[in-house]
Amino acid sequence: MEFGEILAKKRRELGLNQSQLADKMCLMGMPLSNQAISKWEKGTTLPNARQFLTLCRALNIDDINGLFLGGGEGVFHGLNADGRRKALDYIELLRESGRYEPRDRDLCRRTFRSLPLYSMAVSAGTGQFLDGEDYEMVDVGAEVPEGANFGVRVSGDSMEPEFHDGDTVWVRQQRSLMTGEIGIFLYDGNAYLKELTAKGDKIALRSLNPKYNDIIVSPELPLRVLGKVLR
């Protein structure tokens, strides 16, 4: 039996759906999404070492070697069936006592979420169209600003030294910006990472890198604000 099949079988035996298993792992200090578990069960990805050990705890898998590799008795080596049951009963008592749970049961819900990351880079140089459907869902934590709705990979160097080629910027979707704010803009069929600025009586998209000229916005071509960069 493949790894994903074993995982799905153990999860169903405990009466858990994928979201419930993800929540259980969160409470064990391992925040992740139900999409991650779905990928494990389908065999498209595998958990890392820490995720795997937490997964085994969440699914009450004690004989890791025996279940996944077909040999040995894991942590219950040397115990008969009665001994294993007593060990499991003691573990359950520890859980029910509440003394050994994470202090904040909602930690994972506050710090973990999935956001779309656009794979067609916003060009910080010449501009590229931001395809609204060309994205992947990525798991993010507290390192991403709370108000962010999506992320975009940057290409080009016109926003250096603050943003570099290959960086990911996190964006809050909104329709307008104040001058001096950095955002994602759609103009003349291209998407740009720029600073909104005023040039006399005109609006311009400014690059932080001085070797690039400002893009003066023509009143005949609509400028659409896609969102504000939160870093």
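Data block above holds the structure.
None of the values given here were measured: they were computed from a predicted structure.

Novice: I tried to follow the overall build of the protein chain on my own but got confused; where do I start?
Specialist: The helix and strand tally for the protein chain stands at 7 helices and 9 strands. Expressed as a percentage of the 231 residues in the protein chain, the buried residues total 37%. When contacts within the protein chain are restricted to residue pairs at least 6 apart in sequence, long-range pairs at least 24 apart make up 57% of them. In the structure as shown, the protein chain presents an accessible area of about 13,600 Å², 50% of it carried by carbon and sulfur atoms.

Novice: Teacher, can you tell me more about helix H3 (residues 34–42) here?
Specialist: Three- or four-residue spacings in an α-helix give side chains the same orientation, since the helix completes a turn every 3.6 residues. Buried within H3 are the following residues: Ala36, Ile37, Ser38, Trp40 and Glu41. Buried residues belonging to H3 abut helix H1 (3–13), helix H2 (18–27), helix H4 (49–58) and strand S2 (135–140). Just beyond H3, the residue with positive phi is Gly43, at close to 85 degrees.

Novice: I'm lost on the environment of Val171 in this one. Help?
Specialist: Mapping Val171 onto the fold places it in strand S4 (residues 168–172). Other than its neighbours up to four places away in sequence, Val171 contacts Ala148, Asn149, Phe150, Ile184, Gly227, Lys228, Val229 and Leu230.

Novice: What's the story with the pairing of strand S9 (residues 223–229) in this structure? I'm lost.
Specialist: Successive residues of a regular strand alternate their side chains across the two faces of the sheet. In this structure, S4 lies alongside S9, joined through 2 bridges in antiparallel fashion. The residue bridging Arg172 from the neighbouring strand is Lys228, located in S9. For strand S5 (residues 182–187) and S9, the ladder comprises 5 bridges, and the chain directions are antiparallel. Opposite Tyr187, over in S9, you have Leu223 as the bridge partner.

Novice: Hey, could you run me through the side chain of Ser158 in this one?
Specialist: Along the chain, Ser158 falls in the loop between strand S3 (150–155) and S4. Among the polar contacts listed, one links the side chain of Ser158 to the side chain of Lys194, at a separation of 2.8 Å.

Novice: Explain unusual backbone geometry to me, please; I cannot follow it from the model alone.
Specialist: Phi is mostly negative for residues that are not glycine, and the peptide bonds are mostly trans. With an omega of 15 degrees, the peptide bond between Glu160 and Pro161 qualifies as cis. Relative to the helices and strands, Pro161 is located in the loop between S3 and S4. Even without being a glycine, Asn60 presents a positive backbone phi close to 60 degrees. Since its relative accessible area comes to 31%, Asn60 is described here as partly exposed. Even without glycine at this site, Arg231 takes up a positive phi of about 95 degrees. Mapped onto the elements, Arg231 comes out in the segment after S9.

Novice: What exactly am I supposed to notice about H2 here?
Specialist: Every buried residue of H2 is listed here: Leu21, Ala22, Met25 and Cys26. The buried residues of H2 occupy an angular sector of 145 degrees when projected down its axis, which confines them to one face. The backbone nitrogen of Ser19 lies 3.1 Å from a side-chain oxygen of the residue at the head of H2, namely Asn17. In the segment just after H2, Gly29 is the residue with positive phi, at about 90 degrees.

Rules used in this analysis
Residues numbered from 1 in each chain as written. Predicted model: local features only at pLDDT ≥ 70, side-chain atom pairs only at ≥ 80, totals over all residues. Heavy atoms only, no water. Helix = DSSP H or I, 4+ residues; strand = E, 2+ residues; numbered from the N terminus. Buried < 20%, exposed > 50% of the residue type's maximum accessible area, 1.4 Å probe, protein only. Contact = heavy atoms within 4.5 Å. Areas by Shrake-Rupley, 256 points an atom, 1.4 Å probe, with all protein chains shown as cover. Pairing = 2+ DSSP bridges. Polar contact = N/O pair within 3.5 Å; in protein donor to acceptor, adjacent residues only side chain to side chain. Arc of directions from axis to C-beta.

Worth remembering: the numbers are spatial, not functional.
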